[in-house]
Amino acid sequence: MDINFTLDSSLTIQWFRKLALCFALCFLCSLGLNAQLYTRTTFNSAYIPISTGGGATISTATGNDANQTGISLGFTFAYAGNNYTTLGLNTNGFLFFDALAPAANTENGRLFSTLAPNLCVTAWWNDLIDDASSDILYQTQGAPGSRTFTLQYTNYPSSPGTNGSNVRLNYQVILYETSNVIEYHYGVVSIVGTIGTHTGAAIGLEYGAGGKGNFIDAVTGSKGTTNRMLTAVTS
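Calculation notes
Residues numbered from 1 in each chain as written. Predicted model: local features only at pLDDT ≥ 70, side-chain atom pairs only at ≥ 80, totals over all residues. Heavy atoms only, no water. Salt bridge = Lys/Arg side-chain N within 4 Å of Asp/Glu carboxyl O. Helix = DSSP H or I, 4+ residues; strand = E, 2+ residues; numbered from the N terminus. Buried < 20%, exposed > 50% of the residue type's maximum accessible area, 1.4 Å probe, protein only. Pairing = 2+ DSSP bridges. Axes fitted to C-alpha atoms, helices over the stretch in contact; angles between N-to-C directions.

Visitor: I'd like to hear about the pattern of salt bridges, residue by residue, with values.
Guide: By the definition in use, this model includes two salt bridges. Note that R168 is salt-bridged to D131, the shortest N-O span being 2.7 Å. Remark: D131 occurs in the loop between strand 10 (129-130) and strand 11 (135-141) and R168 occurs in strand 13 (residues 167-176); sequence separation between them is 37 residues. As a salt-bridge pair, E177 and R147 come within 2.8 Å of each other at their nearest N and O atoms. Linking E177 in the loop between strand 13 and strand 14 (181-186) with R147 in the loop between strand 11 and strand 12 (148-157), this pair joins segments that are 30 residues apart in sequence. E177 sits in the buried class, given a relative accessible area of 13%.

Visitor: If you had to explain the environment of L89 to someone new, which residues and values would you point to?
Guide: Mapped onto the elements, L89 comes out in strand 7 (residues 82-90). A relative accessible area of 0% places L89 in the buried class. L89 sits 13 residues away from P102 along the chain, and the two C-alpha atoms are 9.9 Å apart.

Visitor: Got a sec to walk through the sheet that holds strand 8 (residues 94-96)? Specific residues and values, please.
Guide: Strand order in the open sheet formed by six strands is 6-7-8-9-16-17, and the pairing between neighbours is antiparallel. This sheet does not close on itself; its edge strands, each paired only once, are strand 6 (67-79) and strand 17 (215-217). Taken over all neighbouring pairs, the strand axes of this sheet differ in orientation by 20 degrees on average, direction set aside. Pairing analysis gives three bridges linking strand 16 (residues 202-206) to strand 17, with the strands arranged antiparallel. Bridge pairing in strand 17 places E206 opposite F215.

Visitor: Go over the pairing of strand 16 with me, naming the residues and quoting the values.
Guide: Counting buried positions along strand 16 yields five of five residues, so the element is predominantly enclosed. Burial of strand 16 is two-sided: the residues A202, G204 and E206 facing one way and the residues I203 and L205 facing the other way are all buried. Judged from the three bridges that link them, strand 9 (residues 120-125) and strand 16 form a sheet pairing that is antiparallel. Looking at the pairing, T122 lines up with G204 of strand 16.

Take a look at the structure:
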């Protein structure tokens, strides 16, 4: 499936989703962003995991509803018209550039509301838990001028509880130096037993003051707040 969103700016966002439960699609999406115009494009790409053996760092955010802030990118990254050298992440599956960290238990409906966080990027945002079988990893790679920062959720439960732990996801958000591209990559999904009813997720990005017109849903490309693909399948 090919999807395009065009934005008149230097910021482009790309992601690959191999499989995400109820979305049986294989694609890589790209979005460009400024205050007026967006572009999203989808295409295929390989999933290349990072590991501690290869130099990745394990996040200090673990368990249920936890943030880690002040993570160095190793380069300057432009998002929504501003430059950043650090970001924060949350165990519920999103990263943020907000100066103030959001409440650790922030729910995914805030992706399309004016409530914080309003500078967030997410490849799979749900009420998640980093348990004993999963890890959040991050790593800066490459030469100056063409470096990447990868945030990876590894063997991650799709939702809380027994049924959620039966569905394990692998996905990445990759930020590119200079081009300011963002990629979402989705790897192997492991399903053992029953899939829970809350295995949907918010997938997309938000910027500015948040709310209508200040976010984009990665599944449909919608910027309207009535799009039901933004929330869990039971909502």
